[in-house]
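Descriptive structure summary
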Amino acid sequence: MEPEAAKSTVMVVDDIPANLRLLEEMLTRRGYRVVEFPGAERALRAALRNPPDLILLDIMMPEVDGFEFCRQLKAEEVTREIPVIFVSALDDTSNKVKGFAAGGVDYVTKPFREEEVEARVGAHLRIVGLQKQLRVHNEQLEQKVAERTRELDVAYKRLLELDRLKDDFLRMISHEIRAPANSFLGIGEILLERCRPSEDAAVVKDIFRQSARRLSDLIEDATLIADMHSLEVDDCARVTLGRGLRLVEQALAKPRITVEEPFERNVLLVCGQADLWGKVLGTMVSLAACFCQDSAAVTMRGNWEPPHYCLRIALDAFCMDQVDADQLFEIEATIRS
């Protein structure tokens, strides 16, 4: 017995009782459950009430022939997916084409050969079984996708909320810490000025002022990050490369880093925030200064490479292996010198 036979129902529709008995005996021996009907009308009502897994359908029947019966089956949602195999003594091509056009999937000619009938019935029932498995799999997949989509939607909303809380926290910290930090740094400067001149005092002053500058930069960065998400497109303005470089030079005045650029400062227009543009350039220059033999001088070159304008900074004291290169843009990465 074929695996699909034990659970499959085959409907046989033929107006000749001898054909019904013969097909019923063949299919029952193979383990199928067989239901027989001598006419199309009763068979259609039965198929709509209890759809079989497959239908063996005679073409030449009185009142309603097999072609019309198949068209009626295919017009009903509950029966349109049932495979129909036509059986007939007519073996001409035109009838086969007409049967396929009506919705049939195969064609068996009389007199019946049991091996052929079983092979065709078994093949189409296996296809039906695979189609059912595919539908179940697709339904399960759609359900999993829907569940995952809901989970991602919840996670996204949570992420937005956490992002908002982060911005609020950074804004609060940057504003709340600014006043006490300024007071603390001011008092520190007063105390340092009262120290007697000495080599140790100079070292302490340098450490203190570097730390003060670092603290001030952190506060400014926190404020900048917190305010970035509130920027609107309408807030953007046209900023020249020269404007960005002037901001860089002002920010780098204390570290005494000079920027040498053999190009026209106002050649580039950027649509954006001047402070952010200056911050980007300043970060590039500061990092470059760390990897130049003469850390006080940074050479920046610019040229138009359609559709981009490229800024390049020469580094002569920078070496990176492949491991560091792969991790360069990871937030927690550190570059070994």
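About the cut-offs
- Residues numbered from 1 in each chain as written.
- Predicted model: local features only at pLDDT ≥ 70, side-chain atom pairs only at ≥ 80, totals over all residues.
- Heavy atoms only, no water.
- Pairing = 2+ DSSP bridges.
- Helix = DSSP H or I, 4+ residues; strand = E, 2+ residues; numbered from the N terminus.
- Axes fitted to C-alpha atoms, helices over the stretch in contact; angles between N-to-C directions.
- Core = buried A, V, L, I, M, F, W, Y, C linked by side-chain atoms within 4.5 Å.
- Buried < 20%, exposed > 50% of the residue type's maximum accessible area, 1.4 Å probe, protein only.
- Contact = heavy atoms within 4.5 Å.
- 1 Å grid on protein atoms, 1.4 Å probe; cavity = no way out; pocket = protein on both sides within 12 Å on 5 of 7 lines; lining within 4 Å.
- Points joined across faces, edges and corners; volume = space filled by probe spheres on them.
- Expected span 1.5 Å × (residues − 1).
- Bend = angle between axes of the 7 residues up to and from the residue.
- Left-handed = near helix turned anticlockwise from the far one by under 90°.
- Salt bridge = Lys/Arg side-chain N within 4 Å of Asp/Glu carboxyl O.

1. Some details on the sheet that holds strand S4 (residues 84–88)
In space, the five strands of this open sheet follow the order S2-S1-S3-S4-S5, with parallel pairing throughout. Edge positions in the sheet fall to strand S2 (33–37) and strand S5 (106–109), since each has one partner strand and no second. On average, adjacent strands in this sheet sit at an angle of 20° to one another, irrespective of strand direction. Relative to S5, S4 runs parallel, the two being bridged by four bridges. In the strand pairing of S5, Ser88 is matched with Thr109.

2. Some details on the pairing of strand S10 (residues 308–313)
Regular strands place side chains that alternate from one sheet face to the opposite one. Pairing between strand S9 (residues 297–305) and S10: six bridges, direction antiparallel. Residue pairing across strands places Glu305 opposite His308, the latter belonging to S10. The loop that links S9 with its antiparallel partner S10 comprises two residues.

3. Observations regarding unusual backbone geometry
In this model, Lys110 is joined to Pro111 through a cis peptide bond whose omega is 0°. Tracing the backbone through its elements, the reader meets Pro111 in the loop between S5 and helix H5 (114–193).

4. What about the nonpolar core?
Ranked by size, the top nonpolar core spans 23 residues in total, and within it Met11, Val13, Ile55, Leu57, Phe69 and Phe86 carry the most contacts. Going through the elements one at a time, strand S1 (9–13), S2, helix H2 (40–49), strand S3 (54–58), helix H3 (66–75) and S4 are the ones with two or more residues in this core. If near-sequence neighbours (up to four positions away) are discounted, Phe69 is found in contact with Val13, Ala40, Ala43, Leu44, Ile55, Leu57 and Val64. Counting residues in each nonpolar core, the second largest holds 17 residues, with Met26, Ile85, Val108 and Leu125 among its members.

5. Description of the layout of surface pockets
Taken as a whole, the second largest pocket encloses approximately 380 Å³ of empty space. As for the second largest pocket, its lining consists of 12 residues, of which Leu287, Ala288, Phe291, Phe318 and Leu328 are closest to the centre. At four residues, the largest contribution of residues to the lining of the second largest pocket is made by helix H8 (residues 274–290).

6. Examining the environment of Phe112
In this structure, Phe112 sits in the loop between S5 and H5. Taking the C-alpha atoms as reference, Phe112 lies 9.4 Å from Ser88; in sequence the two are 24 residues apart. Those residues within four positions of Phe112 in sequence are excluded, and the remaining contacts are Asn19, Leu22, Leu23, Met26, Val87 and Val117.

7. Here's the deal with H5
For H5, spanning 80 residues, the distance from its first C-alpha to its last is 111 Å, which sits close to the expected 118 Å at 1.5 Å a residue. Along its length, H5 reaches its greatest deviation from straightness, about 35°, at Arg178, and the proline Pro180 lies no more than four positions downstream.

8. Considering the packing of helix H1 (residues 17–29) against H5
Look at H1 against H5: their axes get within 10 Å of each other, and the N-to-C directions meet at 65°. Taken as a pair, H1 and H5 cross one another with a handedness that is right-handed. Between H1, through Leu23, Met26, Leu27 and Arg29, and H5, the contact on the second element is made entirely by Glu114, Val117 and Val121.

9. Quick look at the pattern of salt bridges
Per the counting criterion, the structure on display carries 11 salt bridges. Between Arg113 and Glu116 there is a salt bridge, with the nearest N and O atoms lying 2.9 Å from each other. On the basis of relative accessible area, Glu116 is assigned to the buried category, the value being 17%. Note that Glu151 and Arg148 form a salt bridge whose closest N and O atoms lie 3.2 Å from each other. With Glu151 and Arg148 both in helix H5 and three residues apart, the pair spans about one turn of that helix. With relative accessibility at 48%, the residue Arg148 sits in the partly exposed group. Each of the salt bridges in this network shares a partner with another, and the network as a whole consists of Asp106, Arg113, Glu116 and Arg120.

Interpretation in functional terms is not warranted from these geometric data alone.
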